[in-house]
Amino acid sequence: MAEFPAVSKLLNLFLNISFLFLIFLCFTHHFKSSDSSFLLSPGRNGDSGTGCGQLHEYSDREWKCSYVKSHEGCQNGGYIDYLQLFYCNFDPVLGYSALILWLVVLFYLLGNTAANYFCSSLEGLSRILKLSPNVAGVTLLSLGNGAPDLFSSIVSFTSDETSEVGLNSILGGAFFVSSVVVGIISVSVCHSRVSVERSSFIQDIVFFLITLTCLLVIIVMGKINLWGAISFFALYFIYALFVSTSHLCCRTEGLGGSASGSPILPVSKNFIGYQTEGRLEAEEPLLGFAGDDDKPTLQEKEGVLSERKRRRRCLDLQPSTSSHLFVCRLLFFLELPLYLPRRLTIPVITAEKWSKPFAVISATIAPVLVAVVWNSHSSELNWLVYLIGGLAGAISGVVAFFTTERSNPPTKWLFPWLAGGFLMSITWTYIAAEELISLLVSLGSILGISYSILGLTVLAWGNSIGDLVSNVSMAISGGEEGAQVAISGCYAGPIFNTLVGLGLPLAFKAWSEYPTYYLIPKDTSEYETLGFLMGGLLWALVILPKRNMKLDRCLGGGLLAIYLCFLSLRIARALVPV
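Residues numbered from 1 in each chain as written. Predicted model: local features only at pLDDT ≥ 70, side-chain atom pairs only at ≥ 80, totals over all residues. Heavy atoms only, no water.

**What to know about the packing of aromatic side chains**
Then step 1. Within this structure, the stated rule accounts for 17 aromatic pairs.
Then step 2. Each ring, one from Phe207 and one from Tyr239, has its centre 4.9 Å from the other, and the planes form 40°; the classification is tilted. Of this pair, Phe207 sits in helix α8 (residues 198–221) while Tyr239 sits in helix α9 (residues 226–253), and the two are 32 residues apart along the sequence.
Then step 3. When its relative accessible area of 16% is taken as the criterion, Phe207 is described as buried.
Then step 4. Looking at Tyr239, the relative accessible area reads 3%, which means it is buried. (Phe/Tyr/Trp six-rings, centres within 6.5 Å; stacked < 30°, edge-to-face > 60°. Helix = DSSP H or I, 4+ residues; strand = E, 2+ residues; numbered from the N terminus. Buried < 20%, exposed > 50% of the residue type's maximum accessible area, 1.4 Å probe, protein only.)

**Regarding the state of the cysteines**
Then step 1. One pass over the full model with this rule turns up 1 disulfide.
Then step 2. Shown here is the disulfide that connects Cys65 with Cys88, its sulfur atoms set 2.0 Å apart. The sign of the S-S torsion, about 115°, decides the handedness of the disulfide formed by Cys65 and Cys88: right-handed. Note that Cys65 is positioned in helix α2 (residues 61–70) and Cys88 in helix α3 (residues 82–89), a separation of 23 residues in sequence.
Then step 3. For Cys88, a relative accessible area of 17% gives the class buried. (Disulfide = S-S within 2.5 Å.)

**Digging into the nonpolar core**
Then step 1. If you look at the biggest cluster of nonpolar residues, it comprises 121 residues, and the most contacted ones within it are Val68, Trp102, Ile185, Phe201, Tyr491 and Leu551.
Then step 2. Not counting residues up to four positions away in its chain, the partners in contact with Trp102 are Phe19, Leu22, Ile80, Tyr82, Glu435 and Leu439.
Then step 3. Listed in part, the 11 residues of the second largest apolar core include Leu336, Val348, Met424 and Ile431. (Core = buried A, V, L, I, M, F, W, Y, C linked by side-chain atoms within 4.5 Å. Contact = heavy atoms within 4.5 Å.)

**Thoughts on the environment of Glu405**
Then step 1. With respect to the helices and strands, the residue Glu405 is situated in the loop between α14 (383–403) and α15 (414–447).
Then step 2. A C-alpha to C-alpha distance of 9.1 Å links Glu405 and Ser355, two positions 50 residues apart in sequence.
Then step 3. Apart from the residues lying within four places of it in its own chain, the contact partners of Glu405 are Trp354 and Lys356.

**With respect to the packing of helix α6 (residues 147–156) against helix α7 (residues 163–188)**
Each pair of packed helices gets described by two things: the angle between the helix axes and the distance between those axes.
Then step 1. Interaxial distance between α6 and α7 falls to 7 Å at its minimum, and their mutual angle equals 155°. Judged by the angle between their axes, α6 and α7 are roughly antiparallel. As α6 packs across α7, the resulting crossing turns out to be left-handed. Note on element contacts: α7 touches α6 through Ser163, Val165, Gly166 and Ile170, opposite Asp149, Ser153 and Ser156.
Then step 2. Considering only residue class, the contact of α6 with α7 consists of 2 nonpolar, 4 polar and 1 charged. (Axes fitted to C-alpha atoms, helices over the stretch in contact; angles between N-to-C directions. Parallel < 35°, antiparallel > 145°, perpendicular 65-115°, else oblique. Left-handed = near helix turned anticlockwise from the far one by under 90°. Nonpolar A, V, L, I, M, F, W, Y, C, P; charged D, E, K, R; others polar.)

**Observations regarding α6**
Then step 1. Of all the 10 residues making up α6, 10 are buried; the element is thus mostly covered by neighbouring parts of the structure.
Then step 2. Of all the residues in α6, the buried ones are Ala147, Pro148, Asp149, Leu150, Phe151, Ser152, Ser153, Ile154, Val155 and Ser156.

**Examining α7**
Then step 1. A rise of 1.5 Å per residue sets the reference length of α7, with its 26 residues, at 38 Å; its end C-alpha atoms lie 36 Å apart and thus fit the reference within 8%.
Then step 2. Of all the bends in α7, the largest measures some 25° and sits at Phe176.
Then step 3. Of all 26 residues making up α7, 22 are buried, and the element is well covered by its neighbours. (Expected span 1.5 Å × (residues − 1). Bend = angle between axes of the 7 residues up to and from the residue.)

**Describing the environment of Asn16**
Then step 1. Of note, Asn16 is situated in helix α1 (residues 4–32).
Then step 2. Of the residues examined, Asn16 reaches a relative accessible area of 0% and is grouped as buried.
Then step 3. Counting along the chain gives 323 residues from Asn16 to Tyr339, while the straight-line C-alpha distance between them is 8.7 Å.
Then step 4. Polar side-chain contacts of Asn16 include one of 2.9 Å to the backbone nitrogen of Leu338. (Polar contact = N/O pair within 3.5 Å; in protein donor to acceptor, adjacent residues only side chain to side chain.)

**Topic: the packing of helix α13 (residues 356–376) against α15**
Then step 1. Packing of α13 against α15 brings their axes to within 11 Å, and their N-to-C directions diverge by 45°. Comparing the axis directions of α13 and α15 gives the class oblique. The two elements α13 and α15 cross, and the hand of that crossing is left-handed. Contacts between α13 and α15 involve Ala359, Ala366, Leu369, Val370 and Val373 from the first element and Trp417, Met424, Thr427, Trp428 and Ile431 from the second.
Then step 2. Here the residues of the contact of α13 with α15 are counted per class, giving 9 nonpolar, 1 polar and no charged.

**Overview of unusual backbone geometry**
For residues other than glycine, phi is negative in most cases, and the peptide bonds are mostly trans.
Then step 1. Here the residue pair Tyr514 and Pro515 is connected by a cis peptide bond, since its omega of 10° sits within 30 degrees of zero.
Then step 2. Among the secondary structure elements, Pro515 is positioned in the loop between α17 (479–513) and β2 (518–519).
Then step 3. Here Met549, not a glycine, exhibits a phi torsion of approximately 65°, which is positive.
Then step 4. Considering the arrangement of structural elements, one finds Met549 in the loop between α18 (525–546) and α19 (553–575).
Then step 5. Residue class for Met549 comes out buried when judged on its relative accessible area of 4%.

**Some words on the confidence of the model for the protein**
Close inspection of predicted coordinates is inappropriate for parts of the model with low pLDDT.
Then step 1. Scored by pLDDT, the protein comes out at a mean of 77, with 78% of its residues at no less than 70.
Then step 2. Across residues 270–319, where pLDDT falls below 50, the model places 98 contacts with residues more than four positions away in sequence or in other chains. (pLDDT = per-residue confidence, 0-100.)

**Quick word on the side chain of Ser152**
Then step 1. Assignment of secondary structure puts Ser152 in helix α6.
Then step 2. What makes Ser152 buried here is its relative accessible area of 0%.
Then step 3. What Ser152 contacts, discounting residues up to four positions off in sequence, is Leu110, Ala433, Ile437, Leu459 and Asn463.

Given below as structure tokens:
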């Protein structure tokens, strides 16, 4: 684990260099071909036309280029016209390489923004609202960990053509986490004979099965009204209330694991990206410790900080050498492309990240960015929105300049800062999710693969890698208690993503159709996904109690076999249509 920060930093550098390379590549090809503008103008509408289904009727790339440039249905709602880039600007090898590299960068932006900015704002809000670790764990922490899935689902439901991406990505992610992640955890800790708490496990499994049953009823009906969507969404609050009450009762009786000082749910996940912002994620749970006696002392924190500073020395070179200074500056500038735009627009007031210049600039630019994003989704350009955003930015920037100190973050009127950070984290997460969905839809059109398969695999896997890394690491290194928290997270997370990640977009769509019903697009493959997913849950519900609640190869192997059978069936049907 000591080498992880170095590997993470190298990965972060690779992604930033890739980002710079992609920008250089796009603009050099753009200037070589002046009639091929791949940037979509504000007020774009990716849902116009009749889709891009006739693209593969043409065999020549020049004809395909003409088709995607003249057909509005080939514009998939993002800020970049990927089909035009692929067919008009790049050759096939360069096109595939650039799109896959950009896909990785977008996954990084989505996960890193949620981990470093969104969760930080939620942490501050939980302190201001004085939420207990139990309540915060099943509400704010779940929201922070599920932000990529949630916003990907919301974006996909903005268009009827891509709504199947969101539904399949949520189900695919839930299946991956509850089967593959739980399976890998079980196989990894089988030699330790680790057991999990029976009541907590059965409680999560049963509620997850109830959730999937409700979703199955909605899919069978094929439609849902506003009140039905709100009821489905509200099931999560019933689950959160039940979990909080059970933990409170256990703590009162002195039987609960929360009394030991462990976080109720896993800490926020950030699977890729070096922590250039300086947040001590691994050392302290996102929402603090349940027991005051387990908080680290000041000396321990200083030791952690000194260790972190030691690790962050550039390549461990001696600071006296001139090459060290050059390399450090070079690496610093290479890390800026993906870091600086977010740092300049998301207010951050934590002690580790505090900087008055950044705070003033972010307070000034943030409203302008919101105005730009707002106008990009309007049918026509509205200069009044830009004017309001500019005035709001100027006023908030002046207020921030005169009410903050250079050396210390603000200690009063924290709510506007935290609310601003929360709003801008949502804005950046939404931008990344929107572009990610647009890219996946374009890849589906290029490869001739259904959007549901891409949502079930690529999007689901990308959003679930964080769960895999964080939960498996916690189970291996945390002993029996760590395994308990990891297994709980493998079910609490998918429950949140299913009820909130699907319930909220369904509520928005039903609201837009009120007082009539919102018609859910038909996709018979969803029955297969739900069937295999519920089969995996039933396997765990039957096997684990019979094995004395001990995680072993029988449980893990069965879950992995179920997922592989399902995946093989779906891929076979995609490659060989019936």
